[in-house]
Structures are given as C-alpha cells and as structure tokens.
Amino acid sequence: SYFKGVWNIVNNIPFLYVLTFRSHLIDSPPTYNVHYGYKNWEAFSNLSYYTRALPPVADDCPTPMGVKGKKELSDSKEVFENVLLRRKFLPDPQGTNMMFAFFAQHFTHQILKSDRNPGPAFTTGLGHRLYLSHVYGETLDRQHKLRLFKDRKLKYQVIDGEVYPPIVKDTQVEMIYPPHVPEHLQFAVGQKVFGLVPGLMMYATIWLQEHNRVCDVLKQEHPEWDDEWLFQTSRLILIGETIKIVIEDYVQHLNGYHFKLKFDPELLFNQQFQYQNHISSEFNTLYHWHPLLPDTFQIHDQEYNYQQFIYNNSILLKHGLTQFVEQIAGSVFGGRNVPSPVQAVAKASIDHSRNMKYQCFNDYHKCFNLKPYKLFEELTGEKEMAAELEALYCDIDALEFYPAFLVEKLLGNPMCSPHYWKPSTFGGEEGFKIINTASIQSLICRNVKGCPFDPLLTKTVTINASTSHSRLEDINSTVLLKGHSTEL
Ligand code: HEM
Ligand SMILES: *[C@@H]1O[C@H](CO)[C@@H](O)[C@H](O)[C@H]1NC(C)=O
Ligand SMILES: *[C@@H]1O[C@H](CO)[C@@H](O)[C@H](O)[C@H]1NC(C)=O
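Throughout what follows, the structure given in this document is the object of discussion. Keep in mind the model is a prediction, meaning the values are calculated, not measured.

Parameters at a glance
- Residues numbered from 1 in each chain as written.
- Chains lettered and ligands numbered in written order.
- Predicted model: local features only at pLDDT ≥ 70, side-chain atom pairs only at ≥ 80, totals over all residues.
- Heavy atoms only, no water.
- Helix = DSSP H or I, 4+ residues; strand = E, 2+ residues; numbered from the N terminus.
- Donors = N, O, S within 2.8 Å, 3.2 Å for Na, K, Ca; no water.
- Core = buried A, V, L, I, M, F, W, Y, C linked by side-chain atoms within 4.5 Å.
- Buried < 20%, exposed > 50% of the residue type's maximum accessible area, 1.4 Å probe, protein only.
- Salt bridge = Lys/Arg side-chain N within 4 Å of Asp/Glu carboxyl O.
- Phe/Tyr/Trp six-rings, centres within 6.5 Å; stacked < 30°, edge-to-face > 60°.
- Axes fitted to C-alpha atoms, helices over the stretch in contact; angles between N-to-C directions.
- Parallel < 35°, antiparallel > 145°, perpendicular 65-115°, else oblique.
- Contact = heavy atoms within 4.5 Å.
- Nonpolar A, V, L, I, M, F, W, Y, C, P; charged D, E, K, R; others polar.
- Near = heavy atom within 4 Å.
- Polar contact = N/O pair within 3.5 Å; in protein donor to acceptor, adjacent residues only side chain to side chain.
- Areas by Shrake-Rupley, 256 points an atom, 1.4 Å probe, with all protein chains shown as cover.

The next thing to look at is unusual backbone geometry. The residue after Asn117, namely Pro118, is reached through a cis peptide bond having omega 20°. By the secondary structure assignment, Pro118 is in the loop between strand E1 (114-115) and strand E2 (119-123).

What follows is the structure in structure tokens.
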C-alpha cells in the first residue's frame, strides 16, 4: 500500500495474476467434507456437501480442537459476548460504504446457500461456481418462471418510471417473505432469500435491468437470433461482467493495495488450469461479514432500525436504488464489531464450526503457508481481547477459526477457457466489449437514475494508520484474497 509510483510500473507488466497467485494451495479436485477426513469418491462427487480446506478434527481426539486446549470449549455465547459483540461502532478504515457491504452479501449469496436441513455442512448451490444463480435461479424451472419468453427478457414491472422485479404472484417462484409483507412488495428474483434486505433487492433489480439492457444491445447486433439465443448469450455476458467487476472493483477495493488486479483470462490459456470448483465450508464461515453492518440504516435524513429495514422493499421504492452510498460500513476485522441485532447469526457461526469440527485457526494459517501465531497478543495486536481469548481458550493452538478470523488485526469459470473466451461466444465484438469495459460504476450508472461517483466508497475516507499494519506483512496471501480469488 506504499510507493504508488513503483506499483504504477509493476502494474504495467502483465505477468502478475491473482488467480494463479495462491491457487496451488487449494486442493483441486476437492478432497474432504464434514463426514470424510480421508479421500474417497463420495467426498469428491457429492456436490450437496461443501468441501473442506482442512479435514475435520477426528472424533477420537482428546480435545475438541485436537490435542491442545480445554477438554470442553467455552460456551459460544460467552465467546461472542467477550470478543465479537460490538461495543461502539468501528467504521471501516478504508471508508467502505454500505453499497459495498450489500454487494458482498449479494454476490456471495449466489454460491453460499446453505441447506438448513440437513445443516450447515450442506449447500443448495450445486453448481459451486459463479453462474448468476441469484439472477436466473438455481434450476431451469425457476429460470423459466422468471423469464418473459418474449423479447428474450426477464420478467419485470415498472413502478413510477423505474424497472423493478416482478412479484411472486406473477412468477410462482418460491421466495421467503414473512406474512405481513403485502403482495405488491413481494418481489421475485433468482435467490429466494433476497427479500430479506433492501440492499440485496437493490442489486437484484440492477442486474435484472442489466440483463434486459444487454438483450436489447444483442438484438440490435443479431436480429436473426431467437429468444433463447439472445437470452443465453446475455447471461454469459453478465457472468463475464460479474467476474470483471468482482476482480477489478471489489477484490481490488478489499485489497487496498496499489497492486492492480486484472481480469484477463488469456493470461491463463497457456497454464495447466482446471475450470472447476467446489465451494468450501470454511469459505462460507469466513464470509460471515456481519461486522460490516451499522447500528441503524441511514438513508438521507431517515433512519431505519433492523426491524423496520429487513423485509421492507418499500424502502427501495421510497429512496431509489443508489441510496446506500453515503453510509460507511463497519470494520470486518479487529474484533468486537458484530451489531447485536445479528448476534444470533454470529453465535450460530461458532456453533456450526464446532458441529462441523473445524480445526484451529493456526492450522489454517499453516495450510496457507502463513506463520502460525505464538501469542494471543500477536493475533489481536492489543492486550485486552488477547487476555479474554487466553481465558477462553488457554492455548493459541486451540483458538477457533471464526472468532480468530474476526478478531485478527486489520488488513488492508469455464467461461474463461480458450474455447469460450472470445468475441463469438458473446455475440461478437459488441458483446465482448460489454464484459471488458464492465465496472460497478457503469453497471449502476447505465441502468439507474442518480449516479454515485465511487460506488463502493463513502465520500470521506479516513485511513487509520495504526490499524493498517501487520496483515500487510503477509501480503501476497491475505485470507481475503485467497478466499476470493481461488474460490473464483
Ligand atoms: C441487514 C443485513 C443482514 C442480515 C439481517 C443478515 C442475516 C443473516 C442470517 C439470518 C443468516 C442465516 C444464518 C444461519 O442460517 O445460521 C445469514 C447468513 C449469512 N450472511 Fe448475513 N445478514 C446480513 C448482511 C450480510 C452481509 C452484508 C454479508 C456480507 C458478506 C452477509 C454474509 C452472510 C453469509 C456468507 C451467510 C451464510 C449464507 C449461507 O450459508 O447460506 N450477511 N445472514
Ligand atoms: C449426498 O450426501 C447426503 C448425505 O449423506 C445424502 O443424503 C445425499 O443423498 C447425497 N447425494 C447424492 C446425490 O448422492
Ligand atoms: C418500511 O419502509 C417504509 C418506507 O420508508 C416505512 O414507511 C415503513 O414504516 C417500513 N415498514 C416497517 C414494517 O417498518
């Protein structure tokens, strides 16, 4: 994050590519899952399981974390209250805004879709990759219900001159809404949980608009294509746009480094590279970024508490689609920043991790060639939470994955194969150009009235120098980069 000039030079050399960086550290093909700590066909082939970066702790180990630590772990409620619960809102030091938070939530919920029954080790996202199931649905049946089959478009409705998703009644797709939500506000989209938060529905609306816009562009280029062809090619273009935006805007922003990330599949054409993926359970757990959430949601001069905010699509109608730009998000890292309204979610993350027998945080550090911590203070960079953690866990090698991940000091697809990555896949140069020029800024500005300047940042950015050290030492690593890039 220093020496911008040097990085400007580095960035002009086209040899560094995030995906190849650390990908050798992830087992591919996948190996273990919650039920199998050894390699076997079931663990490899059964896509209902999330895979595992590390096998579960064996049942006959002397302690829950293996050999170190207490015979019985401290109560998860106590862990939550002592080191994860927010005391005072801690803003993100990079100035990340709520637009970013909802992008993270929206983007990840196309692949992180746990199956409540049978439980957290299982997923309903059987494709294990980015194919915009949150826009088009997981199944063909759902996709068909969301399609207009006329004009190659997705179903939509117009309210006050703005395009919104159709309602549940007009699509017959399953969505989760509590009974008090009126019928005309029960919007229907690809992911059934997206009624939960207006920020999710905002992105769902923007992508729906983008799909229909891209269809119009392709129709111009290819008047001879039928509905299906236009629809399918638009979808490929949107997948390409998503990857481009995620790498060059989103991961770039997370990164906070001057090193510029680039989406260029051609760089990989000559490498041994498999276009397959299997989402891991740990990836889901570490993506529980609920500390991003504020105490209350501030839109213009209006304030919404959680009760007023969730399952309330009328907020979109009232304030429009880009109203989450102004509010700063919370800091994911550094500890004690999970707001109390979502405390049950954070406690469940700990309970689920125990249930799935995750190994300790240091084991994950070692697995990714990072130095294991020797002292709690080394992990937290301060004394108070370090002491709490020491009391809770006794031994640093018994410290659990999720609390450690949040408390740690701060840190700053087949479509990409040579057969696909060329203009003809995307309907010619015009379609290919849409992908290669995609950015979150243009995505929003092309579709929505009222265009924010830098959509992922609040206007005032305050960098807190004292909090931005340490993880930077592990630079070409960071759990985040690793999480995003390799899973991608
Ligand atoms: C007001 C905003 C939010 C609310 C009310 C909320 C609430 C929830 C709830 C109730 C769950 C289910 C927990 C469980 O089944 O154990 C969940 C899961 C999750 N949340 Fe959030 N959340 C919010 C924002 C976010 C944000 C901004 C992120 C950022 C990445 C995020 C990431 C996740 C992830 C990755 C899961 C796991 C999904 C799965 O396994 O299916 N959430 N959240
Ligand atoms: C995957 O494993 C689960 C749990 O054992 C089982 O219920 C399910 O039927 C398996 N799926 C397939 C496709 O074999
Ligand atoms: C939902 O938002 C609208 C628009 O701001 C507001 O008037 C209403 O009170 C909210 N609903 C609930 C249940 O709080």
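From this point, the narrative continues.
Take the coordination of the iron atom of ligand 1 next. Looking at the iron atom of ligand 1, one finds just one donor atom contributed by the protein, His290 (NE2), at 2.1 Å. Tracing the backbone through its elements, the reader meets His290 in the loop between helix H11 (281-286) and strand E5 (297-299).

Counting residues in hydrophobic clusters, the biggest one holds 124 residues, and the most contacted among them are Tyr250 and Trp289. With 13 residues, helix H10 (residues 227-255) is the single largest residue contributor to this core.

In this section: the pattern of salt bridges. Applying the stated rule across the entire model yields 23 salt bridges. Here Lys77 ties to Glu81 by a salt bridge, and the two come within 3.2 Å at their closest N and O atoms. In this pair, Lys77 and Glu81 both sit in helix H4 (residues 76-84), four residues apart, roughly one turn of the helix. Judged by its relative accessible area of 30%, Glu81 is partly exposed. Put simply, Lys153 and Asp216 hold a salt bridge, and the shortest N to O gap is 3.3 Å. Separated by 63 residues along the polypeptide, Lys153 in the loop between helix H7 (140-146) and strand E3 (157-159) and Asp216 in helix H9 (residues 198-221) bring together distant segments of the chain. Judged by relative accessible area, which is 11%, Lys153 ranks as buried.

Applying the stated criterion to the full structure yields 27 aromatic pairs. Ring centres of Phe102 and Phe324 lie 5.0 Å apart, and the angle between their planes is 75°; on these two criteria the pair is classed as edge-to-face. Placement of Phe102 in helix H5 (residues 98-108) and of Phe324 in the loop between helix H13 (314-319) and helix H14 (343-355) is noted, with a sequence separation of 222 residues between them. A relative accessible area of 3% means that Phe324 is categorised as buried.

This paragraph deals with the packing of H9 against helix H20 (residues 440-447). Where H9 meets H20, the closest approach of the two axes is 9 Å, and the angle between their N-to-C directions is 75°. The angle between H9 and H20 falls in the class roughly perpendicular. Two secondary-structure elements touch here, H9 through Tyr203, Ile206, Trp207, Gln209, Glu210 and Arg213 and H20 through Ile440, Leu443, Ile444, Arg446 and Asn447. Of the residues belonging to the contact of H9 with H20, the class tally is six nonpolar, two polar and three charged.

What follows deals with the site of ligand 2. In the vicinity of ligand 2, the residues found are Glu42, Asn46, Tyr49 and Phe122. At 2.3 Å from an oxygen atom of ligand 2 is found a side-chain nitrogen or oxygen belonging to Asn46. Contacts to ligand 2 include Tyr49, whose side-chain N or O atom sits 3.4 Å from an oxygen atom. The protein chains hide 35% of the 360 Å² of surface that ligand 2 would expose on its own. Partitioned by chemical class, the residues of the shell around ligand 2 number two nonpolar, one polar and one charged.

Along the polypeptide, Glu390 turns up in helix H17 (residues 384-393). By relative accessible area, Glu390 is classed as partly exposed at 44%. Along the sequence, Glu390 and Leu375 sit 15 residues apart, while their C-alpha atoms lie 9.0 Å from each other.

Looking now at the site of ligand 1. In the vicinity of ligand 1 there are 19 residues, among which Gln105, Ser114, Arg116, Asn284 and His290 approach most closely. Within the side chain of Ser114, one N or O atom sits 2.5 Å away from an oxygen atom of ligand 1. Between ligand 1 and His290, the relevant distance is 2.9 Å, taken from a nitrogen atom to a side-chain nitrogen or oxygen of the residue. Secondary-structure elements contributing two or more residues to the shell around ligand 1 are H5 and H14.

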